Amino acid sequence: MQITTMDAVPLPDAEIVTALLENRAYYAYALARPKPGVSAAAAAPIVGVDPRHTVREVVHGEVLALVSDVALAEYDLELLRERFQNTLWLEVLARGHQRVIAALNEHYTLLPLKLCTVYTNEASLHEALEANSAWVGAALDRVEGAQEWGVKIFCDRAALVTWAISEVPQLRQLATTVNAASPGARYMLEKRLQRAAEQGADDLRRREVEAIGAQLATKVRAAQAGTLQPQQLHGHAEEMVLNGAYLVAESEFETFRAALDELVAEYSPHGFNFELTGPWPAYSFSTPEQQEAA
Amino acid sequence: METAKWDTSDLTIVDLLDRALDKGVLLWGELVISVADVDLVYLGLKAMLCSIDTAEQMREKAWQQLIETPSV
């Protein structure tokens, strides 16, 4: 006969019980190390996404995780499920998260974590840090002393088509033929030019956006083409044709900026509108996959 | 050209989510609540823009892929 005594029943992890009782969890913002020559300790405390708590360091070997306490009940999965559908809530969280990340970016070299990375206890955070220790050091080396800049280009279709007609030899020739045509023949030729110009404009745009990307890539540590946003989301009248992220060494920023200014001068007459955002911490250059690719 | 300084009020929510949700590092560990590595970006905004029905379907579908609790 097997006898099960009370003391054979495993006790729940004391840390988990404590977290539940105290309604405590850790919101992790980033993996980090102090910027060379910068003392984070001297800085004013940074208020976390939960304004009742400030950000602190969890040390794991050479790497830090930057965390602040949050109420565990606020991050219940069912509750989060509802909240992620609430645009206002999502925006408040995203802006809070960003405020903290931006403040941390002053003092630390950062690998930003995804929004809403929450640990229920410190031990599991250490476990995650241990599991990722192989690539984190090299990833921090790669982004140290650099910031991410976002370059978006919006393209005015009418200006692009006009440019294509003057730029592409076949289209130019066709346009000359249209102008010289008799009134009777003109209509059909105009239609033909219109169709050809639409196609020509697409080809030209592809070629030029590629050239712009290649030009910028020579001034940066790494470049990444992001997903183009649909018009309802970016809200511009023009179509988005580039959503690039560039990892730029702080010492190289002036060079990058000058190259960008040159491109703006060259392309804005053709309906290309540029937008620069940043500096961001290296969001687009922080994953282990990118580390391998590098 | 517009140059956004590091003033978060200038950044659009789309740009923010594009990075903080789509690009950030996914760090798993035991007992972590985390948004899984899927296309969550624009979820809330899409929901706002779409008709109620479409938004509902999309939320359902996206949510199924979104949040995973690792087995402990």
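About the thresholds
Residues numbered from 1 in each chain as written. Chains lettered and ligands numbered in written order. Predicted model: local features only at pLDDT ≥ 70, side-chain atom pairs only at ≥ 80, totals over all residues. Heavy atoms only, no water. Helix = DSSP H or I, 4+ residues; strand = E, 2+ residues; numbered from the N terminus. Buried < 20%, exposed > 50% of the residue type's maximum accessible area, 1.4 Å probe, protein only. Contact = heavy atoms within 4.5 Å. Areas by Shrake-Rupley, 256 points an atom, 1.4 Å probe, with all protein chains shown as cover. Axes fitted to C-alpha atoms, helices over the stretch in contact; angles between N-to-C directions. Parallel < 35°, antiparallel > 145°, perpendicular 65-115°, else oblique. Left-handed = near helix turned anticlockwise from the far one by under 90°. Phe/Tyr/Trp six-rings, centres within 6.5 Å; stacked < 30°, edge-to-face > 60°. Salt bridge = Lys/Arg side-chain N within 4 Å of Asp/Glu carboxyl O. Pairing = 2+ DSSP bridges.

What exactly am I supposed to notice about the overall build of chain B here?
When helices and strands are tallied, chain B shows three helices and two strands. In chain B, the succession of helices and strands from N to C terminus is β-α-β-α-α. Residues counted as buried form 47% of the 72 residues belonging to chain B. Pairs at least 24 residues apart make up 55% of the contacts formed inside chain B by residues separated by at least 6 positions. Summed over all atoms, the accessible surface of chain B reaches about 3500 Å², with 50% contributed by carbon and sulfur.

Any chance you could explain the overall build of chain A here in plain terms?
Of the regular secondary structure elements, chain A holds 11 helices and eight strands. The burial tally for chain A puts 48% of its 294 residues in the buried class. For chain A, the proportion of contacts with a sequence separation of at least 24, taken over those separated by at least 6, is 77%. With an accessible surface of roughly 14500 Å², chain A has 54% of that area assigned to carbon and sulfur atoms.

I keep staring at the packing of helix α7 (residues 169–180) of chain A against helix α8 (residues 183–217) of chain A and nothing clicks. Help me out?
Axis angle and axis distance: for two packed helices, these are the angle between their axes and the distance between the axes, and together they describe the pair. Residues and elements named next belong to chain A. The N-to-C vectors of α7 and α8 enclose an angle of 160°; their axes lie 9 Å apart at closest approach. The angle between α7 and α8 falls in the class roughly antiparallel. As α7 packs across α8, the resulting crossing turns out to be left-handed. Between α7 and α8, the contacting residues are Leu171, Leu174, Ala175, Thr177, Val178 and Asn179 on the first element and Arg186, Leu189, Glu190, Arg192, Leu193, Ala196, Ala197 and Gly200 on the second.

Help me understand the packing of aromatic side chains, please; the structure alone is not making it clear to me.
The relation between two aromatic rings is expressed through the spacing of the ring centres and the mutual angle of the planes. Residue and element names in this part refer to chain A. Counting across every chain of the model gives nine aromatic pairs over all chains. Considering the side-chain rings of Tyr27 and Tyr75, the 6.0 Å spacing of their centres and the 70° angle between planes classify their relative orientation as edge-to-face. In this pair, Tyr27 is assigned in strand β1 (residues 24–34) and Tyr75 in the loop between β3 (63–71) and α2 (77–83), connecting sequence segments 48 residues apart. Residue class for Tyr27 comes out buried when judged on its relative accessible area of 0%. The exposure class assigned to Tyr75 is buried, which follows from its relative accessible area of 7%.

Just to check I follow, could you spell out the pattern of salt bridges for this structure?
A pair can form between side chains of opposite charge whenever their charged atoms are brought close. Residues and elements named next belong to chain A. On inspection of all chains with the given rule, the structure shows 18 salt bridges over all chains. Notably, a salt bridge pairs Arg205 with Glu239, separated by 3.7 Å at the nearest N-O pair. One end of the pair, Arg205, is in helix α8; the other, Glu239, is in strand β7 (residues 239–249), and 34 residues separate them in sequence. Through salt bridges with shared partners, a single network forms among Arg157, Glu198, Asp202, Arg205 and Glu239.

Explanation requested: the pairing of strand β2 (residues 56–60) of chain A in the structure shown.
Along a regular strand, successive side chains alternate from one face of the sheet to the other. Residue and element names in this part refer to chain A. Pairing analysis gives five bridges linking β2 to β3, with the strands arranged antiparallel. Residue pairing across strands places Glu57 opposite Leu66, the latter belonging to β3. Where β2 folds back on β3, the antiparallel hairpin that results is connected by two residues, among which Gly61 adopts a positive phi of roughly 60°.

Please explain unusual backbone geometry as it appears in this structure.
Most peptide bonds are trans, and most residues other than glycine sit at a negative phi. Residues and elements named next belong to chain A. Residues Gly278 and Pro279 are joined by a peptide bond in cis, for which omega reads 0°. With respect to the element layout, Pro279 can be found in strand β8 (residues 272–280). The phi angle at Cys116 is positive, at roughly 70°, despite the residue not being glycine. Tracing the chain through its elements places Cys116 in strand β4 (residues 108–119). Overall, the relative accessible area of 1% leaves Cys116 in the buried class.

Would you mind going over the side chain of Arg205(A) with me for this structure?
A relative accessible area of 15% places Arg205(A) in the buried class. When residues no more than four places from it in sequence are discounted, the contact partners of Arg205(A) are Arg157(A), Leu160(A), Glu239(A), Val241(A) and Phe272(A).

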